[in-house]
Amino acid sequence: PGSSLKKLKKISPDQLIDIVKKSKLSGRGGAFFPTGMKWEFCKNNIADQKYIICNADEGDAGTYADRMMMESDPFALIEGMTIAALAVGASIGYIYLREEYRLSEEVLNAAIRLASEHHFLGDNILDSDKSFSIEVRLGAGAYICGEETALLESLEGKRGMVRAKPPLPAIQGLWQQPTVINNVITLATIPTILAKGPDFYRNFGIGGSRGTMPF
């Protein structure tokens, strides 16, 4: 883990966002909003605090792709979140985890501890002046909280209810600060795109649906 993260010492945030845009990565949670565009919106908003949120409230019946990823390769998710944070200037991240996924919670927290011990998380990531921390928060057991704005309400300690849009979360999200919200698979894909280049990912798929999708 961390091989893609190390490349960021030679890449500016704008170059990184451009790589993600060129890959045509779109939201793997089902909305398929262009990931690079979402990051760009957040980066271009000036604020003292920004957030990266991983939507891991996988509530649809019979869907376990997120759980599979979190329990088999949690470092891919952690690395993807950290790369997103460095791209947009965020310093705090949350994984909003489905309440029933207690093994995922255990695996993720262990991985976060290991990543912090090896300076892939926390202060001065890889001897840089950048800092980013991740905390796992268990969901409220409500299906509606899988919708990104209801998820924000829940994270703020409120009843999970959908917010009116605009403004988009990338402009006014968690506690009214610029926030990137991406699905587990979306964030876990970022290290591969950085390691192998945007063409590698874009050359899978067809039309407006590029890349891979686990089933």
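Residues numbered from 1 in each chain as written. Predicted model: local features only at pLDDT ≥ 70, side-chain atom pairs only at ≥ 80, totals over all residues. Heavy atoms only, no water.

*Asks:* Outline the overall build of the chain, supporting the account with residue identities and numerical values.
*Replies:* A count of helices and strands for the chain gives 9 helices and 6 strands. Relative to its length of 215 residues, the chain is compact, with a C-alpha radius of gyration of 16 Å against a globular reference of 17 Å. Projected onto its principal axes, the C-alpha positions of the chain cover 45 × 40 × 35 Å. Across the 215 residues of the chain, 47% fall into the buried class. Long-range pairs, those at least 24 residues apart, make up 70% of the contacts in the chain with a sequence separation of at least 6. Accessible surface, the chain: about 10,500 Å² in total, of which carbon and sulfur atoms supply 54%. Each charge sign in the chain was given a centre, from 24 positive and 25 negative side chains, and these centres are 7 Å apart. (Helix = DSSP H or I, 4+ residues; strand = E, 2+ residues; numbered from the N terminus. Rg over C-alpha atoms; globule rule 2.2 N^0.38 Å. Buried < 20%, exposed > 50% of the residue type's maximum accessible area, 1.4 Å probe, protein only. Contact = heavy atoms within 4.5 Å. Areas by Shrake-Rupley, 256 points an atom, 1.4 Å probe, with all protein chains shown as cover. Lys, Arg positive; Asp, Glu negative; His and termini not counted. Charge placed at Lys NZ, Arg CZ, Asp CG, Glu CD.)

*Asks:* Can you tell me about the nonpolar core, naming the residues and giving the values?
*Replies:* Counting residues in each nonpolar core, the largest one holds 48 residues, and the members touching the most others are W39, I52, L77, M81 and I95. Those residues in contact with I52, other than ones at most four positions away along the chain, are M81, A84, A85, V88, A90, I92, G93, Y94, F132 and V180. One finds Y94, C145, L155 and I181 within the second-largest nonpolar core, a separate group that totals 10 residues. (Core = buried A, V, L, I, M, F, W, Y, C linked by side-chain atoms within 4.5 Å.)

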